[in-house]
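Structural description and commentary
Residues per chain are reported as follows:
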Amino acid sequence: MTTIPASWYLVLAAVLFGIGAFGVLTRRSALIMFMCIELMLNAVNLTFVTFARTMSDIGGQTTVFFIMVVAAAEVTVGLGIVVAVFRRRSSTSVDELTELQG
Amino acid sequence: MAHLAPLILTFPLLGFLLVLVNGRSLSDRATGTIATSVVGLSFVVSVIAFVLLLHDKSREVTVNLFTWISVDTLHVPAALLVDPLSITMCLFVTGISTLIHLYSTAYMAGEKDFRKFFLYLNLFVFSMLTLVLANNLVLTFVGWEGVGACSYWLVSFYFDRDSAASAGKKAFIYNRVGDVGLLLAMFLLFEHTHTLTYLSIFSSTSALSPTVATLVVLALLLGATGKSAQIPLFNWLPDAMEGPTPVSALIHAATMVTAGVFLLVRMSPVLALSSSGRMTIAVIGGVTAFVAATIATAQKDIKKVLAFSTVSQIGYMVLAVGVGAYGAAIFLMVSHAFFKALLFLGSGSVIHSLGGEQDMRKMGGLAKWLPLTFPTFLIGWLTISGVPPFAGFWAKGDVLTNVFAHNKLLWALGVVTAILTAYYMSRLFVLTFRGGERFREVTHDHDPHESPLVMTAPLLILAVLSVLGGLLDLPWAHGFSLSHFLSPTFGYVAPSAAQSTGLQTGLALVDVAAALIGLFAAFTIWRNTVESPTFEKPFFEHVWRWDDAYDATLGRPLTALAHVTSDVVETRVIDGAVEGIGASVRRSGEGIRKLQAGLVRQYALAMVLGVTVIVVYLVGRVR
Amino acid sequence: MFATAYAIPDVLVFAAAALFILMGAIGVISMKNPVHSALSLILALLGVALAFLAQSADFLAAVEVIVYAGAIVVLFLFVIMFLGVDSSRHPHVEPLVGQRWLAAVGVLVTVAGVITLMVNSHWVSGVLSASTGGTPLATGYQNVTQLGDSVFTTYLLAFEATAGLLIIAVVGAVLLARRERPAEDDVEVEVEATRFDEPVAENDETTEEVEQ
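Residues numbered from 1 in each chain as written. Chains lettered and ligands numbered in written order. Predicted model: local features only at pLDDT ≥ 70, side-chain atom pairs only at ≥ 80, totals over all residues. Heavy atoms only, no water.

**Digging into the overall build of chain B**
The line we're drawing: Here a helix means four or more residues in a row that DSSP labels H or I, a strand means two or more in a row labelled E, and each is numbered from the N terminus. Three labels apply to residues, based on accessible area from a 1.4 Å probe with only protein chains included: buried if under 20% of the type maximum, exposed if over 50%, partly exposed otherwise in between. Every residue pair with non-hydrogen atoms within 4.5 Å of one another is taken to be in contact. Working definition of accessibility: Shrake-Rupley area with a 1.4 Å probe, residue cover restricted to the visible protein chains.
Of regular secondary structure, chain B possesses 25 helices and two strands. When burial is assessed residue by residue, chain B has 56% of its 623 residues classed as buried. Of all intrachain contacts in chain B linking residues separated by at least 6 positions in sequence, the fraction that spans at least 24 positions is 81%. Accessible area of chain B: about 24600 Å², with a carbon and sulfur share of 68%.

**As for the overall build of chain C**
Across its full length, chain C holds nine helices and zero strands. Written out in order from the N terminus, the α and β elements of chain C read α-α-α-α-α-α-α-α-α. Here chain C holds 212 residues, and the buried ones make up 37% of them. Across chain C, contacts joining residues at least 24 apart in sequence account for 60% of those joining residues at least 6 apart. By element, 69% of the accessible surface of chain C is carried by carbon and sulfur atoms, the whole surface being about 11900 Å².

**Some thoughts on the interface of chain A and chain C**
So the rule is basically this: Accessible-area loss on putting two parts together, using a 1.4 Å probe and summing over both, is the definition of buried area adopted here. By convention in these notes, a salt bridge is any Lys or Arg side-chain nitrogen within 4 Å of a carboxyl oxygen on Asp or Glu. Any pair of N or O atoms that falls within 3.5 Å is considered a polar contact. Within protein, one atom must be able to donate a hydrogen and the other to accept it, and sequence-neighbouring residues count only if both atoms are side-chain atoms. When residues are grouped by polarity, Ala, Val, Leu, Ile, Met, Phe, Trp, Tyr, Cys and Pro land in nonpolar, Asp, Glu, Lys and Arg in charged, and all others, Gly among them, in polar.
In this assembly, 73 residues from chain A lie in contact with 91 residues from chain C. Counting each side, the surface lost to burial between chain A and chain C is near 7400 Å², with a carbon and sulfur contribution of 75%. Our enumeration of links across chain A and chain C arrives at zero salt bridges. The interface formed by chain A and chain C includes nine residue pairs in polar contact (both at pLDDT 80 or more). Mapped onto the side of chain A that touches chain C, the elements with two or more residues apiece are α1 (6-26), α2 (30-55) and α3 (59-89) of chain A. Considering each element in turn, the side of chain A that touches chain C owes the most residues, 23 residues, to α3(A). Here the residues of the side of chain A that touches chain C are counted per class, giving 46 nonpolar, 19 polar and eight charged.

**Brief notes about the packing of aromatic side chains**
The test is simple: Aromatic pairs are defined between Phe, Tyr and Trp rings, using the six-membered ring for Trp, whenever the two ring centres lie within 6.5 Å; interplanar angles under 30 degrees are classed as stacked, those over 60 as edge-to-face, and all others as tilted. Cation placement over rings: the criterion is NZ of Lys or CZ of Arg within 6 Å of the ring centroid and within 35° of the ring normal.
As enumerated under the stated definition, the model contains 30 aromatic pairs over all chains in all. Each ring, one from A:Phe65 and one from A:Phe66, has its centre 5.6 Å from the other, and the planes form 70°; the classification is edge-to-face. Comparing A:Phe65 with A:Phe66, the two get one shared label, buried. The structure contains a cluster of three or more aromatic residues connected by ring pairs, namely A:Phe65, A:Phe66, C:Phe59, C:Phe152, C:Tyr155 and C:Phe159. The lysine or arginine in question, B:Arg266, covers the ring of B:Tyr198, its NZ or CZ lying 5.4 Å from the ring centre.

**Let's talk about the pattern of salt bridges**
All names here are of chain B. Applying the stated criterion to the full structure yields 15 salt bridges over all chains. Taking the shortest distance from any N to any O, the salt bridge between lysine 112 and aspartate 113 comes out at 3.8 Å. Residue classification places lysine 112 among the exposed residues on the basis of a relative accessible area of 71%. For glutamate 541, the salt bridge goes to lysine 300, with nearest N and O atoms at 3.3 Å. One end of the pair, glutamate 541, is in helix α23 (residues 538-541); the other, lysine 300, is in the loop between α13 (275-296) and α14 (302-322), and 241 residues separate them in sequence.

**Overview of a nonpolar patch on the surface**
Going by this rule: Patch building starts from residues that exceed 30% relative accessible area and form no salt bridge, then joins like charges within 9 Å and nonpolar side chains (Val, Leu, Ile, Met, Phe, Trp, Tyr) within 5 Å.
On the surface, B:Phe43, B:Val44, B:Val47, B:Ile48, B:Val51 and B:Leu52 cluster together into a nonpolar patch covering about 420 Å² of accessible area. With respect to the element layout, B:Leu52 can be found in helix α2 (residues 28-54).

**Structural notes on the interface of chain A and chain B**
Every contact between the two is made by 13 residues of chain A and, on the other side, nine residues of chain B. Contact between chain A and chain B buries roughly 940 Å² in total, counting both sides, with carbon and sulfur atoms accounting for 59%. Applying the counting rule to chain A against chain B returns one salt bridge. Of the charged contacts, one joins A:Asp95 and B:Arg601 as a salt bridge, the two residues approaching to 2.7 Å between their closest N and O atoms. Tallied by class, the residues present in the side of chain A that touches chain B amount to six nonpolar, four polar and three charged.

**Overview of the environment of C:Leu50**
All names here are of chain C. Of note, leucine 50 is situated in helix α3 (residues 34-54). Owing to a relative accessible area of 26%, leucine 50 belongs among the partly exposed residues under this scheme. For the pair leucine 50 and phenylalanine 14, spaced 36 residues apart in sequence, the C-alpha to C-alpha distance is 8.2 Å. Aside from chain neighbours lying at most four places away, what touches leucine 50 is Val13, Ala16 and Ala17.

**Re the side chain of C:Thr162**
Residue placement: C:Thr162 occurs in helix α7 (residues 156-177). With relative accessibility at 11%, the residue C:Thr162 sits in the buried group.

**Overview of the side chain of B:Thr130**
Residues and elements named next belong to chain B. Within the secondary structure, threonine 130 sits in helix α4 (residues 114-133). Judged by its relative accessible area of 7%, threonine 130 is buried. Residues contacting threonine 130, with those up to four places away along its chain left out, are Leu9, Leu139 and Gly143.

**Thoughts on the confidence of the model for chain B**
So the rule is basically this: pLDDT expresses, on a scale from 0 to 100, how confident the predictor is about each individual residue.
Across chain B, pLDDT averages 88, with 97% of residues at or above 70. Between the elements of chain B, mean pLDDT differs from a low of 77, seen in helix α19 (residues 440-443) of chain B, to a high of 93, seen in helix α5 (residues 137-155) of chain B.

**As for the packing of α3(A) against helix α6 (residues 141-154) of chain C**
Note the following rule: To get an axis, a line is fitted to the C-alpha atoms, and for a helix only the part in contact is used. The angle between two axes follows their N-to-C directions and goes from 0 to 180 degrees. In these notes the angle categories are as follows: under 35 degrees is roughly parallel, over 145 is roughly antiparallel, 65 to 115 is roughly perpendicular, and the rest is oblique.
Contact geometry for α3(A) and α6(C): axes closest at 9 Å, N-to-C directions at 75°. If you check the angle between α3(A) and α6(C), you find them roughly perpendicular. The residues of α6(C) that touch α3(A), namely those facing A:Gln61, A:Thr62 and A:Phe65, are C:Asn143, C:Leu147, C:Ser150 and C:Val151. Of the residues belonging to the contact of α3(A) with α6(C), the class tally is three nonpolar, four polar and no charged.

**Overview of the nonpolar core**
All names here are of chain B. Note the cut-off: By nonpolar core we mean a set of buried residues, namely Ala, Val, Leu, Ile, Met, Phe, Trp, Tyr and Cys, connected to one another through side-chain atoms within 4.5 Å.
Ile96 and Leu137 are the most contacted members of the largest nonpolar core, which has 199 residues in total. Ranked by residues supplied to this core, first place goes to helix α15 (residues 326-353) with 18 residues. Excluding its chain neighbours within four sequence positions, the residues that come into contact with leucine 137 are Leu182, Met186, Leu189, Leu196, Tyr198, Ile201, Leu263 and Met267.

**Remarks on the environment of B:Ser483**
As for its placement among the helices and strands, B:Ser483 is situated in helix α21 (residues 482-486). For B:Ser483, the contacting residues outside a window of four places in its chain are B:Gly327, B:Ala328, B:Asp398 and B:Asp473.

**Observations concerning the packing of α2(B) against α4(B)**
Residue and element names in this part refer to chain B. The N-to-C vectors of α2 and α4 enclose an angle of 10°; their axes lie 9 Å apart at closest approach. Comparing the axis directions of α2 and α4 gives the class roughly parallel. Note on element contacts: α4 touches α2 through Phe114, Arg115, Phe118, Asn122, Val125 and Leu129, opposite Asp28, Thr31, Gly32, Ala35, Val38, Val39 and Ser42. Residue composition of the contact of α2 with α4, by class: seven nonpolar, four polar and two charged.

**Re the pairing of strand β2 (residues 74-82) of chain B**
Residue and element names in this part refer to chain B. Rules: For two strands to be treated as a pair, DSSP must find at least two bridges joining them.
With seven of nine residues buried, β2 is to be regarded as a mostly interior element. Examined bridge by bridge, strand β1 (residues 61-71) and β2 share nine bridges and lie antiparallel to one another. The residue bridging valine 61 from the neighbouring strand is valine 82, located in β2. Here β1 folds back onto β2 in antiparallel fashion, the turn holding two residues, of which aspartate 72 has a positive phi close to 50°.

**Comments concerning unusual backbone geometry**
Residues and elements named next belong to chain B. For the peptide bond that leads from isoleucine 231 to proline 232, omega is 10°, which places it in the cis range. Its location among the elements puts proline 232 in the loop between α8 (210-228) and α9 (236-239). Located in the positive-phi region is alanine 229, a residue other than glycine, with phi close to 55°. Assignment of secondary structure puts alanine 229 in the loop between α8 and α9.

**Concerning helix α10 (residues 245-254) of chain B**
Residue and element names in this part refer to chain B. Along α10, 10 of the 10 residues are buried, which leaves the element largely enclosed by surrounding structure. Residues Thr245, Pro246, Val247, Ser248, Ala249, Leu250, Ile251, His252, Ala253 and Ala254 constitute the buried set of α10. Check the buried side of α10 and you find it contacts α3 (84-107), α4, α5, α9, α14 and α15.

Have a look at this one:
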């Protein structure tokens, strides 16, 4: 059991989340955006685990378990979409997917 | 008896429905036969009903058909009132209608809308009979509107002509104004007597205060002026001559236009309550008779002359009603129906023979060419001019005698009108049948041809009726006269009958003198003249500038208002509001749609910035 | 300063985890080549796994390495290779005006705000086991037991629901990634084949995940 205070990990998670969010906003490749989303998910996971330790509650870890399952499903479907889009457009750039503009 | 009255109504309705349902599968000939025979059957039934009524003791039979409206205290049955007045009206309406239907089968032959014409004509007869037979004001109003609608359709029968279309509209609008009067009278009566059935109203006249009674009478008068073409609503009738001539004869001379007089006579027990109201009626009638007669002296269109003559003659009837001589009014109405129908149908025959020409300046010398029309028209002319012993003399004499007993001034006006009547009719007669043959240009040198027998037969019958019509109500045959027959239905009889025989003879001589003066003057002036600015005053020719006055006082201001509404209110306010809303929505949409660029990263940035705002807010709150 | 308050090995472990995570994360968002990004992602995920391990989430740390750093990143690399390395574009040229600037401001302000909230509120006092007086979480084998108890008792329904979710994800992925067959093939046969034959290629990873 570590002696490091929870706030350290929480700040680390917040920074990780920020980097992930910045990546989603600035990178155009759908693949990189997915990776950044994974970063953000992991930031959240880290937070959950930190609170599970602080609160001595295994529920936090269970939630992370479920988040991972959902993330796996999301990546599977998401990459399927990327592949399907790439077949049509030969590009993974989300900036070119503007059919739904007003 | 009781079951006969509905039959009178049923036959014309049946004819209307038969022609309507069978549509184009009927030949013109079959349509004309059906339409004429149903009206003829209606006439036969009317005669039987009349004979039965003569032997009926009560002479007032109500035939209930069904309950029509029953709301709270308002009970309006669909019921018929068979009494001397309504049966008299039925007799002459169906009789004249039969003749005119017969005449029309030939006159309208070859018309494109032959079927439609008889459809309307049958519907008109049905409506007119509903009007006269109804036992309450509401049902009368149904007939009243029915004849108005048929009149509108028939006036604008040649609706592809602008003049006919606008004449129809004019007739319709003038009649609407009159209808408001009738409606107001109904409202007032229901307010105070809580019933609209004639007999119930008459039995509860005590509920009407003098003021209310006067208001009711004036409202009824307004209704009558609309329908019967009296001042101030008289000038739709001349325009109504745009309709086919049989229509002018039937609707705009013999039957429908007398509906106003009928209504006033029917409501005579209410009229009895208001002497000022009756005085107003008498003045309106007398003035209308005079004004219309002056206008008739200056018209060039043969049908226009007859139209103003009709207005003038109805003026006499209204005058008679005003002085309480209801019997005289109905007497004149019946005889007028005979001789005016005769004159109109005769003029129709003339117009027919000249291929549609109505201008009297292009007629003349037709006596030789129309061997049947000429003598019958001659009789009609003498009748309306008031030459004894024709019906017009007796009827007009009856009216004038009663007026003399009531008001000398109005009597004088009536006598002057009688002179004018004889004058303008003689002018018409001379210009049409005498003098040189000015029609060659119109007929392209063909000789005019006499109309077929189907058209001349009604002329002959009507001529006989015009000659013998006076027998209905001879002044000395009090026991068996029309007035005596009708008198139970009148609530008030003028206290005039008791005049000395000498005075009556004197008045009759005045009438004869008036007629002869008119005849003589017309022959002197018009024997060799076709146009005479001296005797055809533009003021008279243009209907006393009546239309111009309406145009200036009502037409133009209302048109201007309409223009303001359509140009300013409509375009700026209403369209502006609607289009402004649309434009602002579209503009804001144009702006907002830029946000929907379809760029996922922009959307994500918006989300992040939203979260940022929330976080900043929370930080601010915590601090 | 740290030495006085905290055990030095713990500090070292945290520092390593933080270093891995930050380096990996920055690598993910800054590398031009997506393959490099994916490899950086592995680094960041290993850092997260280390942080998990340090906070008595032994099982989750293992899963992080096997599923994330293993299966998912492999899947990423697989797709990258499948589509061809797409590095010809210029990631540093931003076509949307103000996007990068606004993103930086928004993210920085948000993170700073969240940290401020943490510091100024009772969420975190900086003391171990601040709120609950419960027994600290177990490590090692006990951790798996605890987690298993939780998943198969309290969260059983959610666990079953994830099974459905994964099936749907697999079917969805297959349908999305399926290549349109040439038109001359019989349509019915195609549908049949799609249903029963195709889930082979990408199923390896997903089956593994389900087994976790």
